[in-house]
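Tertiary structure, described
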Amino acid sequence: MADAKVIPFDDDRSRGGAAQRPARRRSTGSRRGALGEAGEMGEVQPLPGRARAQEDGPVSREEEPQEPQVRSGAGEPGGGLERRVAAGLAFLRRRLTGDYDVDDFGYDEELTDQVLMSLLRPVYEKYFRVEVKGIENIPAKGGALIVANHSGTLPLDGLMMQVAVHDRHPAGRHLRLLAADLVFVLPVVNELARKLGHTLACAEDAERLLRQGELVGVMPEGFKGIGKPFSERYKLQRFGRGGFVSTALRQGVPIIPCSIVGAEEVYPMLGNAKTLARLLGFPYFPLTPTFPWLGPLGAVPLPTKWTIQFGEPIPTDGYPAEAAEDPMLMFNLTDQVREQIQHTLYKLLVQRRSVFF
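Reading the values: the criteria
Residues numbered from 1 in each chain as written. Predicted model: local features only at pLDDT ≥ 70, side-chain atom pairs only at ≥ 80, totals over all residues. Heavy atoms only, no water. Phe/Tyr/Trp six-rings, centres within 6.5 Å; stacked < 30°, edge-to-face > 60°. Helix = DSSP H or I, 4+ residues; strand = E, 2+ residues; numbered from the N terminus. Buried < 20%, exposed > 50% of the residue type's maximum accessible area, 1.4 Å probe, protein only. Axes fitted to C-alpha atoms, helices over the stretch in contact; angles between N-to-C directions. Left-handed = near helix turned anticlockwise from the far one by under 90°. Contact = heavy atoms within 4.5 Å. Nonpolar A, V, L, I, M, F, W, Y, C, P; charged D, E, K, R; others polar.

As recorded in an unreviewed UniProt entry, the protein goes by the name Glycerol acyltransferase, listed as coming from Streptomyces yokosukanensis.

So, in structure tokens, the structure goes:
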């Protein structure tokens with residue numbers, strides 16, 4: 001780690017890297033899918049045609065019996081429920097026995113798909129009613145870097161973007177978000193972030209994920225974006241030093257701009273208690289119309305209507321290898337990505353009829 005060259009994505013993110021990654025945990029046995037576990041609970045009934053074939057010799061293709069059918073509950077209407085219960089019990093058994101896999105970053109795909117996404121999906125679909133545009137701009141395979149604006153006092157926009165990619169992309173791809181070091185020092189939040197596939201916002205981790213063909217998401221505004229006052233909503237802050245562009249150039253992956261509308265209004269930040277923020281070790285302490293005046297109730301976000309639009313990819317594979325060290329090129333590409341996101345934000349705001357509907 002001491003010799004690795006780490007390029008921060010913005011001024012607020014950690015310059016660390018793999019030092020805070022947990023060691024890879026290996027599963028204690030083979031991993032079996034939930035459907036396989038449920039199938040073992042069923043009762044296989046032989047069909048009469050197969051018995052006749054054994055007695056009378058081979059049958060013609062027209063008379064060839066169908067494959068045996070797996071039945072749960074002897075064909076009763078509750079068979080589907082029994083399969084779900086069996087799948088749930090199989091999932092719990094794997095969790096209790098350690099028969100599941102996590103990667104070197106702590107990402108738990110099974111837990112994400114079956115539990116964490118299920119918890120986030122009602123917020124995505126029913127509360128924020130997220131509308132997704134341009135999902136076809138995300139490649140079906142291979143590495144790509146998704147760059148988005150950041151807002152909303154709390155980083156809910158990153159989670160909603162992750163659900164959008166997971167649920168709406170035809171290939172069902174997973175988005176690996178780069179997060180600030182503060183996320184990985186908070187109890188509970190640290191473990192959940194790792195399970196969801198988040199990792200530190202540093203060039204080393206980002207390049208490793210891109211080499212593995214993963215989708216990587218970054219929000220270069222950092223705390224400057226989510227901590228800006230409500231009066232500056234939808235005005236992009238500085239995009240760090242262009243480290244994300246350098247990473248994309250090194251790996252030759254496309255950069256996909258992403259614009260998110262609706263997150264700015266979930267916690268209208270009217271003020272910042274800077275003294276209290278320093279005492280707590282936070283980058284800011286928000287004062288909103290409801291927080292901290294209403295206590296825990298004030299932490300409930302407003303049910304705004306969201307739109308997430310993925311723009312056309314900006315290719316980087318046509319540049320020479322030394323392009324990643326060209327500061328002028330990095331500045332130009334960073335400015336191009338930022339301008340494309342800002343332009344799309346303004347367009348979406350003009351099209352929006354209401355903040356809540």
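Right, let's talk about the packing of aromatic side chains for a bit. Scanning the entire structure with this criterion turns up four aromatic pairs. Consider the rings of Phe 128 and Trp 306, whose centres lie 4.6 Å apart with planes at 25 degrees: the pair is stacked. Of the two residues, Phe 128 is situated in the loop between helix H4 (109-127) and strand S3 (131-133) and Trp 306 in the loop between strand S10 (286-287) and strand S11 (307-310); the sequence distance between them amounts to 178 residues. Residues Phe 128 and Trp 306 agree in their burial class; the two are buried. Between the aromatic rings of Phe 239 and Phe 244, the centroid separation amounts to 6.1 Å while the plane-to-plane angle is 75 degrees, which identifies the pairing as edge-to-face. Grouping residues by exposure puts Phe 239 and Phe 244 together as buried. Site record: aromatic cluster; members linked through ring pairs are Tyr 127, Phe 128 and Trp 306.

This part is about unusual backbone geometry. The omega torsion across Phe 291 and Pro 292 is 5 degrees, close enough to zero to call that bond cis. Along the chain, the position of Pro 292 falls in the loop between S10 and S11. Although it is not a glycine, Arg 129 sits at a positive phi angle of roughly 50 degrees. With respect to the helices and strands, the residue Arg 129 is situated in the loop between H4 and S3.

It is at 10 Å that the axes of helix H7 (residues 203-211) and helix H9 (residues 243-251) come closest, and there the two elements cross at 35 degrees. Crossing hand, H7 versus H9: right-handed. Of the residues in H9, those touching H7 at Ala 203, Ala 206, Glu 207, Leu 210 and Arg 211 are Thr 247, Arg 250 and Gln 251. Its residues placed into classes, the contact of H7 with H9 shows three nonpolar, two polar and three charged.

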